[in-house]
Amino acid sequence: MSAAVRIDPETGLKIFNTRAAKASEKITGKGYSVLTDQKLKDLPEMPAGATFNAEEQAKYRAFKEARRGAADYIAMEGEFKKYLDDVYSEPPIPREALTDECEIVVVGAGFGGLLLWHKLSEAGFTDVRFCEKGGDVGGTWYWNRYPGIACDVESYSYLPLLEEMGYIPSMKFASGFEILEYCQKMAQKFGFYDHCLFHTTVEATTWDEASGCWIVETDRGDKMRARFVILANGILTTPKLARIAGMEKFQGESFHTSRWDYNIDLHGKTVGIIGTGATAVQAVPELAKIVGQLYVFQRTPSSIDVRDQRATTEEERATWANEPGWARARRARFAEISAGRTAIQANDDYLAGKIRDIKKPRKHDRELTPEELTKKQLDANFRIMEQIRARVAAIVKDPKTAAALKPYYPYGCKRPTFHDEYLPTFNLPHVHLVDTAPRGVSEINERGVVHDGVEYPLDVLIYATGFQWMGTSTFNMVTGRGGHSLKEKWETEGTRTFLGLHSHGFPNLFIVTGPQGGGGSFNFTDAIDAHGDYLVWMLQTMRERGVRIVDVRKEQEEAYAEHCRIVDIATAPLRDCISYYNGEGTAAPGSLAYYGGGQWHKYRIAAQSTLAPYVFEGEDPIVSAAAE
């Protein structure tokens, strides 16, 4: 055994020491700033009488249709593979390949993996290994370390296990750098590092019918056998690049925001950033503070809502330190909020339990039809977007720039963004918005970006072009019964899961927060918490019944997939735009995100009560022997 792999003398299980050292102390930063200018933290008054009438609907449709087909992305292969290099850690720790067997292999060491380990170990499942392509824990917070990164959901509800850790975030919307450090503290406290193989990418996961195990192969030469495989590698993990003519010609420095290169000194440089989604909205204000000239290339504007960042108060610290279960109770109240913007705005008095309701529910003389309810929601949605557009006009001084920054689509249709410094940044003389609507940047050459015949010479080009939504490469490498891959099944039959966690023909495989997965609210931690509890229940149920294998019945899976399709279609008018949420307008209804809300729990509870959806197979000899 090497220093990286050894045997625990008490358990006989292998334990690992593969965490990589940080590559550079230059990798550091902060999130949202706390501002005192109240004008930057308020939305203008709600416009009186604003309704989503035929004229406004036509404007929204034109905005959407002009961009249809414009999103064209390429894989980071060949000369662009460098954008996937791990720039945050020292080289991988050398170790031997593993060809033995364990009970559970989990893919991913972000929130999903960390929370799963806590739940599994507490329930007595300790023969667990994690495979993580990065050099440390954190998942999205490991890979995304761009300047200005912060959580969009209030950290008091978002960070898991706060009571167990005895930790209180420093800010309401914690910096990504603080969240990464918190992940590392969780891993240290709960012994996660002993169970994780870092810098290890799963390349193939194949079901072996004869042994009733999964064979897990990695880029480190591993060929492990596992009774169970859990995919917990997140929903936004695979970076993507916009396909732009000539992009391989650029001679300056360039990188993707998910691999921010802190070895490149940006001070005084002419910098371009392509993309104006959630990442760019956070990074642009920080870039503007140090670069010489900044060119922001925008195809579609984001909705820039109020952030109103603040530090955690001493009163809160003192109260929560003596209030057992405060964070879980707060998260539960957060999950009760059904309106997206209300949830993200995170009313402190409500979340702290000081008031029962944020606002009184509206009463109607009669029960509204689904069509009437949708119309009311669209009108309310439109008024919010009118406020957001009015905010642009109130802050951005140049009328042409302000007009380009106004979004015309339903609130939440694209990922909502929040910042109080982003819009004022475009009033700075060295910051330039280049409006490339509706088709995007047309060309890149040796010197920089070319659009509409104008060349923008750059020293550094930054791609803020996002990630594949629920399109992790791991799905493409899972081969189940009969030699059929998960990718092949979903391409030929459409996405088919039960609860988003199981897929028929792929026994003992569980997918956390994948397509059709539910259980959460607007807080991602709710989903992984619910999925983790479910997985522990399933493993305990199998242990109690003395069985080795679980699959789901095809008819139950088809019924659940149809349910996902129906609820997607029913709520589609509220999301009538082109975004990564709907595969840039090409995804079949119900194939990606789940819009059924609390109905997911109804399906889950019914399944757990009756066990009707499950097919249990194979006697577990270990359990049987123990029973004797």
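No experiment lies behind these values; they were computed from the predicted model shown.

Topic: the state of the cysteines
Per the stated rule, a full pass over the model turns up one disulfide. Across the disulfide from Cys413 sits Cys577; the S-S distance is 1.9 Å. Residues Cys413 and Cys577 are joined by a disulfide whose S-S torsion is about -115 degrees; by sign, that bridge is left-handed. Of this pair, Cys413 sits in the loop between α13 (399-404) and β16 (417-418) while Cys577 sits in the loop between α17 (554-571) and α18 (599-610), placing them 164 residues apart in sequence.

Remarks on the pattern of salt bridges
A complete count under the given rule lists 38 salt bridges for this structure. Here Lys64 makes a salt bridge to Glu65, at a shortest N to O gap of 3.7 Å. Owing to a relative accessible area of 13%, Lys64 belongs among the buried residues under this scheme. A salt bridge links Asp568 to Arg575; the shortest N-O distance between them is 2.4 Å. Under the relative-accessibility criterion, Asp568 is labelled buried at 14%. Shared partners join several salt bridges into a network, and the residues in it are Glu154, Lys172, Arg310, Glu316, Arg330 and Asp348.

Structural notes on the packing of helix α16 (residues 524-545) against α18
Taken N-terminus to C-terminus, the directions of α16 and α18 make an angle of 10 degrees; their axes are 12 Å apart at the nearest point. Classified by the interaxial angle, the pair formed by α16 and α18 is roughly parallel. In contact with Ala530, His531, Tyr534 and Trp537 of α16, α18 contributes Trp600, His601, Arg604 and Gln608. Split by residue class, the contact of α16 with α18 holds four nonpolar, three polar and one charged.

Rules behind the numbers
- Residues numbered from 1 in each chain as written.
- Predicted model: local features only at pLDDT ≥ 70, side-chain atom pairs only at ≥ 80, totals over all residues.
- Heavy atoms only, no water.
- Disulfide = S-S within 2.5 Å.
- Helix = DSSP H or I, 4+ residues; strand = E, 2+ residues; numbered from the N terminus.
- Salt bridge = Lys/Arg side-chain N within 4 Å of Asp/Glu carboxyl O.
- Buried < 20%, exposed > 50% of the residue type's maximum accessible area, 1.4 Å probe, protein only.
- Axes fitted to C-alpha atoms, helices over the stretch in contact; angles between N-to-C directions.
- Parallel < 35°, antiparallel > 145°, perpendicular 65-115°, else oblique.
- Contact = heavy atoms within 4.5 Å.
- Nonpolar A, V, L, I, M, F, W, Y, C, P; charged D, E, K, R; others polar.

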